[in-house]
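Residue-level structural notes
The primary structure of each chain is shown beneath.
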Amino acid sequence: MLSQQTWVIAILLTTVLKVLHSLFQVRRLRKSMPPGPPGLPLLGNYLDMGSFVWFKFTEWKEQYGSIFSLNVFGQPVIVLNDFTTTVDLLDRRSNIYSSRPRFIMANEIMAEGLSLALAPYGDLWRRMRRAAHAGFAGKATAAYQPLQEKESALLALHILDDPEKWSSHLKRSVASTMLCAVYGWLSIDSSADSMVKRINDLMERVFHATLPGNYLVEFFPSMLHLPTWMAKWKREGLEWRRRDTEMFESFIGDVQSRVQLGGSDPCFAGALLENRDKHGLSYREMAWLAGAMYGAGAETTAAVLDVFVLAMVLHPYVLHRAQKEIDAVVGRDRLPSFSDKEQLPYIDAIIKELLRWRPVGPLSMPRATVQDDWYQGYFIPKGTLVISNVWAINRDPKYFPNYDEFRPERYLGASGQVVDHIPDTRGQGHMTFGCGRRGCVGKDFANQALFMDIATILWAFNIEKTLDAKGQPITPSKTDFLDEGLVV
Ligand code: HEM
């Protein structure tokens, strides 16, 4: 057995050697990589970044163009800033650009490597992604429509009862829809529900662990080999893994018991269990996959609905035009339903514009390359971290004149129907769901949920500025951001 001192020396030595090696290597490589800001010795561009880094990237886009490179502590990074470059690499060269960087704490330690969203490109990701796609994408999404209609009506009732708490109602409603879709649960009454709280705490820990700088092991992977008695973070991470695995396994176990008794509503976890052999997933893999679907879908969708409320307060003419459309198609005797969708193109245009105007993930999720590549005469080495600057991509003046304005009309043609004028986004009209094999697997489900919630809210309510103590309307800022890790 090695002594404590030997461990520390061995790990320090390996770490120093590896850092020096990558620093020299990245200096040499950057000569043939896309251009970019020079950076400092050792740190590279680390200090240039700070918070709300997508603004800095967008400034650099003006200077260096649609693709530029950075070096962060010896890690080569490229940033993609327009539709063409992003689709060329992430979609057309999906076989090279579909992995994720290593998330040692968030995936390897805390999730036993079983997080679909953080997993490297490979067999486990492929099996999980296929199962997620079968349950949540394309035609499968229609099965969730009755649930989404019911949850939107409940959302309207809750807002009617207590309009001041609109944001908590939105969170509750999205969490409830996701949990019912994943586990076939009955509606969740409150966003303070103990199960919702447990899963949200887990998600918060995961987001915290994915942020650069929170765990040194991300920069110095050899620290992973430290024994637990020397590394509190590792002890904690493994304990969280034990508890979270237990929780997810109990959720899916509960679905299994209900299925066996013949009393389970159709749900994603039920379908996973039923198709277990076809997807080739173990019990534990299914448990983590089901949990991941909730985690990836809840905060993101709720954040878009918050942006919707902001956009309506700031642009009453949009609200009035949408309400006119709804009144003409739906009337006052019934709630909107999915059967109205074709006749409500302005609602679809609002959703696209919300996702374009304030992407809740302005830098998407990072990718990593699995082999060396050349693009436009530039070298992109294996292991490069790839960031899509969705903020800049969605504000390309070539496609979106006056890009800072919230104007759903930009997605409508002369006859008032939604037009697909952005090449290669497969009808989305923005880059907020990412693209290629690793793009958002829940985008159809999310678009559907947004449609039902937004149509129902606009049918039921006006949304207006609140008043200050003197009775004057308060205009909320359109340029303040709250960065919560996964969503902004
Ligand atoms: C409006 C709401 C949503 C937004 C803005 C959003 C956005 C994203 C983005 C940007 C990515 C990374 C894409 C990439 O790497 O190119 C992603 C991945 C993912 N999303 Fe969504 N998402 C939303 C809703 C959902 C929902 C409702 C679900 C589940 C039903 C979901 C499940 C996932 C999963 C599992 C991944 C990881 C996919 C992988 O790594 O293979 N998302 N999402």
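Everything discussed here concerns the structure shown above.
Residues numbered from 1 in each chain as written. Predicted model: local features only at pLDDT ≥ 70, side-chain atom pairs only at ≥ 80, totals over all residues.

**Comments concerning unusual backbone geometry**
- One non-glycine residue, Phe73, lies in positive phi territory at about 50°.
- Position of Phe73 among the secondary structure elements: in the loop between β1 (67–72) and β2 (75–80).
- Although it is not a glycine, Asn402 sits at a positive phi angle of roughly 45°.
- For Asn402, the position within the fold is in the loop between α17 (390–393) and α18 (443–460).
- Residue Asn402 is classed as exposed on the basis of its 9 C-beta neighbours within 10 Å. (Helix = DSSP H or I, 4+ residues; strand = E, 2+ residues; numbered from the N terminus. Buried ≥ 20, exposed ≤ 12 C-beta atoms within 10 Å, placed from the backbone.)

**Re the site of the ligand**
- The local shell around the ligand holds 27 residues, among which Ala296, Gly297, Gly434, Cys440 and Gly442 are the closest.
- Looking at the shell around the ligand, the elements that each hand over two or more residues are α7 (123–136), α14 (283–314) and α18.
- In terms of residue count, the dominant contributor to the shell around the ligand is α14 (seven residues).
- Split by residue class, the shell around the ligand holds 15 nonpolar, nine polar and three charged. (Near = placed C-beta within 6 Å. Nonpolar A, V, L, I, M, F, W, Y, C, P; charged D, E, K, R; others polar.)

**Some remarks on α7**
- Relative to the 20 Å expected for 14 residues at 1.5 Å per residue, α7 spans 20 Å between its end C-alpha atoms, a close match to the ideal helical length.
- The set of residues buried in α7 consists of Trp125, Met128, Arg129, Ala131, Ala132, Gly135 and Phe136. The arc that holds every buried residue of α7, seen down its axis, measures 165°, which confines them to one face.
- With its phi angle positive at about 55°, Gly138 sits one or two positions after the end of α7. (Expected span 1.5 Å × (residues − 1). Arc of directions from axis to C-beta.)

**As for the pairing of β2**
- Buried residues dominate β2, accounting for six of its six residues.
- The two faces of β2 match: Gln75, Val77 and Val79 on one face and Pro76, Ile78 and Leu80 on the other face are all buried.
- Of the strand pairs in this sheet, β1 and β2 are connected by six bridges, and their pairing is antiparallel. The partner of Asn71 across the bridge, within β2, is Pro76.
- Connecting β1 to the antiparallel partner β2 that follows it, the hairpin turn spans two residues, and Phe73 within it adopts a positive phi of roughly 50°.
- Relative to strand β6 (residues 385–388), β2 is paired through four bridges, and the arrangement is parallel. Residue pairing in the sheet places Val77 in a bridge with Leu385 of β6. (Pairing = 2+ DSSP bridges.)

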